[in-house]
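# Reading the structure
Chain by chain, the residues run as shown.
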Amino acid sequence: MVEKARRERIEAGERGNPTPQWEVFLREEPGDPLRHVGSIAAGSESEAHEHASRLFGWYAVDVWLCPADAVGRYSTRGLGEAERSDDDGDGTDADDGDSGDGEDDGDGEPRVYKETAGVSEVNSL
Amino acid sequence: MISISKLLCDLDAEGDGLRYDAADGSSKPQITEEKQRRPVVVWNATRRCNLYCSHCYAGADLEAAPGEFSTSEAKTFLEQLAEFGAPVVLFSGGEPLVRDDLIELVGYAAELGLRPVLSSNGTLLTREKAEALDEAGLQYAGISVDGLPDRNDEFRGEDGAFEAAVRGIEHCLDVGLKTGLRYTITEANAPDLEGVVDLLVEKGLDRFCFYHLDYGGRGAEIVDADLSPREKRAAIERVADLTLEYHDRGEEIETLLVGNYADAAFLVEYAREEFGEAKARAVYDYLERNGGDPTGERIADVDYAGNVHPTQFWQGYSLGNVRDRPFGEIWDDESNPLLSALREREDRLTGKCADCRYKSICRGASRLRALATTGDLFAPDPQCYLRDEETRGEHPGSAAGAAD
């Protein structure tokens, strides 16, 4: 898979913790393409629209909102593990010694990644 | 970030080339001839925290939040910052010390040429941790203490938090780490202001950072607990007075104001009152070079999940995510109309800000507070405490000549 695409899937599942995130798309003028302008935190679609209108209402003719966790994001330039195999699992903490109290919970670095970020697709490439 | 001690007590020791805001971890706040071009990046390395502070802008929690960077991701992220030329990375949270790899990451940032500094509640800073952080290259530790014991502990949601923070401070000082105290003022803890300053003098701290409350995170729920603008003015005046008093006594305390650039204008007025017009003009000129409120330009925030925000307090809006594209690309993308508007906000400010003579050293102060209270991004900051007669007329910089 990676040979073909070189893109990694970016997990969005918990990005909206604690408040749901909404991706915001604007159309500046009629006929223009929609442009992604970031994301906002809001508890509901109507709240998201209100929030986006405060931020961009002075600017855009159209506003589209999409729950962030409904967007499939694939990037060639993520923070994925594949790019950093040089220092994975090399026990870097040994130099510092002091992180021992936190390192004894058995979480090797890659597993922390999988468990906390939930982005195993990226990891498994 | 405005250094009272620099502007009022140390003006002759001119800035020697480094950035002003970016000098957060430097031995002296310094002022450059040019505006800082790259942002200081606050990184909320985790959302976890062992405390539950009532004003937390990050909405930190006791529970782990999925989505935090792994060590490896964090290193790639730090590389992005270094490649972009960010001068400083401020490890924040949550409580950054709950990350087991903090020391490793601080060391990596230092290795990359980023100046690593820390914002912490101090309660987890053992002597061993402080020593390891120092050895890893940490340049500065800012410890939050929001009042004397009773009020601080109530604020922070845990008995004993004050004592633990003070122990953390002592450990930092013991190992020779430059250490400062961060105090966010609210109605609840305002009476403790002088006590907190006394504490830092007694402990031999290097720096006092006075934070205004911004209206993001849990802070938004306590807008009503903010001081009134008039009370805020009195507090800033007291901080300025205390700074002068301590310097007169030979105490080399660095005093910084954060979060309300009405303070910049106030300091010009204060300098005029205390030292005369020439000093007021000099203070103005320095502050103009400093560039006013840094939101979206000289300060950036990246949260635990990689979302980039215009400041650390503005968690409700993200410009993009560093898991999708590198930080520098997001930060430089002025096709984002909000980002470009923020960067030219002097032309967009309305109300009393539009014609304020201090516009170029304040830049409307907090756009987030304006947004939170009025719904209008370019309305005046409700926490502007300047008097009408102070805001009218020509600016008092050297080019405009003496107004008095």
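Residues numbered from 1 in each chain as written. Chains lettered and ligands numbered in written order. Predicted model: local features only at pLDDT ≥ 70, side-chain atom pairs only at ≥ 80, totals over all residues. Heavy atoms only, no water.

Under the annotation held in an unreviewed UniProt entry, chain B carries the name Radical SAM protein and is attributed to Haloterrigena salina JCM 13891. Heading Cofactor (unreviewed entry) of the UniProt record for chain B holds this comment: "[4Fe-4S] cluster". (UniProt positions renumbered as here; feature names shortened; annotations may be inferred.)

Per an unreviewed UniProt entry, chain A is named Phenylacetic acid degradation B, and its organism is Haloterrigena salina JCM 13891.

Moving on, we get to the overall build of chain B. Across its full length, chain B carries 15 helices and 12 strands. Burial analysis of chain B (404 residues in total) assigns 65% to the buried set. Long-range pairs, those at least 24 residues apart, make up 71% of the contacts in chain B between residues at least 6 apart in sequence. By element, 43% of the accessible surface of chain B is carried by carbon and sulfur atoms, the whole surface being about 13,400 Å². (Helix = DSSP H or I, 4+ residues; strand = E, 2+ residues; numbered from the N terminus. Buried < 20%, exposed > 50% of the residue type's maximum accessible area, 1.4 Å probe, protein only. Contact = heavy atoms within 4.5 Å. Areas by Shrake-Rupley, 256 points an atom, 1.4 Å probe, with all protein chains shown as cover.)

Quick look at the overall build of chain A now. Of regular secondary structure, chain A possesses six helices and five strands. Reading chain A from its N end, one meets helices and strands in the order α-β-β-β-α-β-β-α-α-α-α. With 125 residues in all, chain A has 34% of them scored as buried. Across chain A, the fraction of contacts at a sequence separation of at least 24, relative to all contacts at a separation of at least 6, is 58%. Taken as a whole, chain A presents about 6,900 Å² of accessible surface, with 47% of it coming from carbon and sulfur.

To continue, consider the packing of aromatic side chains. All names here are of chain B. Tallied over the full model, the rule gives 12 aromatic pairs over all chains. For the ring pair Tyr183 and Phe210, a centre distance of 6.1 Å and an interplane angle of 55° mean the geometry is tilted. Placement of the pair is Tyr183 in strand β6 (residues 179–184) and Phe210 in strand β7 (residues 207–211), with a sequence separation of 27 residues. The residues Tyr183 and Phe210 share a single accessibility class, namely buried. Pairing Phe266 with Tyr270 gives two aromatic rings, centres 5.9 Å apart and planes at 40°, and the pair type is tilted. (Phe/Tyr/Trp six-rings, centres within 6.5 Å; stacked < 30°, edge-to-face > 60°.)

All names here are of chain B. Here 11 strands make up an open sheet; going across it, the order is β1-β8-β7-β6-β5-β4-β3-β2-β9-β10-β12 and the pairing mixed. Unpaired on one side and paired on the other, β1 (2–3) and β12 (320–321) mark the two borders of the sheet. Note: strand β3 (residues 88–92) against strand β4 (residues 115–120), four bridges, orientation parallel. Bridge pairing in β4 places Leu90 opposite Val117. (Pairing = 2+ DSSP bridges.)

With that settled, the discussion passes to the pattern of salt bridges. Residue and element names in this part refer to chain B. One pass over the full model with this rule turns up 32 salt bridges over all chains. The residue Lys75 makes a salt bridge to Glu104 at a minimum N-O spacing of 2.8 Å. Placement of the pair is Lys75 in helix α2 (residues 71–84) and Glu104 in helix α3 (residues 102–111), with a sequence separation of 29 residues. Judged by relative accessible area, Lys75 falls into the buried class, the value being 5%. Between Arg238 and Glu194 there is a salt bridge, with its nearest N and O atoms 2.4 Å apart. On the criterion of sequence distance, the pair formed by Arg238 in helix α8 (residues 229–248) and Glu194 in helix α7 (residues 193–203) is long-range, its members being 44 residues apart. Classification of Arg238 by relative accessible area gives partly exposed; the value is 23%. (Salt bridge = Lys/Arg side-chain N within 4 Å of Asp/Glu carboxyl O.)

In terms of nonpolar packing, the biggest core is built from 128 residues, with B:Trp43, B:Phe91, B:Phe208, B:Phe210 and B:Phe327 touching the most fellow members. Ranked by residues supplied to this core, first place goes to helix α9 (residues 262–275) of chain B with eight residues. (Core = buried A, V, L, I, M, F, W, Y, C linked by side-chain atoms within 4.5 Å.)

Attention now goes to the sheet that holds strand β4 (residues 62–67) of chain A. In space, the four strands of this open sheet follow the order β4(A)-β2(A)-β3(A)-β11(B), with antiparallel pairing throughout. Lying at the two open borders of the sheet, with one neighbouring strand each, are β4 of chain A together with β11 (317–318) of chain B. Pairing of strand β2 (residues 21–27) of chain A with β4(A) involves six bridges; the strand directions are antiparallel. In the sheet register, A:Glu23 faces β4(A), and the bridge partner there is A:Cys66. Sheet contacts for helix α2 (residues 45–56) of chain A: β2, β3 (35–41) and β4 of chain A together with β11 of chain B; angle to β3(A), the most-contacted strand, approximately 120°. (Axes fitted to C-alpha atoms, helices over the stretch in contact; angles between N-to-C directions.)

Residues and elements named next belong to chain B. Summarising burial for β7: five of the five residues are buried, a large majority. Side chains Arg207, Cys209 and Tyr211 project from β7 onto one buried face, and the interleaved Phe208 and Phe210 project onto a second face that is buried too. Relative to β7, β6 runs parallel, the two sharing five bridges. Along β7, the bridge assignment pairs Tyr183 with Phe210. Taken together, β6, α7 and β7 constitute a β-α-β crossover, and its handedness is right-handed. Pairing analysis gives five bridges linking β7 to strand β8 (residues 254–258), with the strands arranged parallel. Following the sheet pairing, Tyr211 is matched in β8 by Val258. (Right-handed = clockwise from strand over helix to strand, strands pointing away.)

Further remarks concern the environment of B:Leu338. With respect to the helices and strands, B:Leu338 occurs in helix α12 (residues 337–343). Placed 18 residues apart in sequence, B:Leu338 and B:Gly320 show a C-alpha to C-alpha distance of 12 Å. In this view, B:Leu338 contacts A:Leu55, A:Phe56, B:Tyr317 and B:Leu377; residues no more than four positions away in its chain are not counted.

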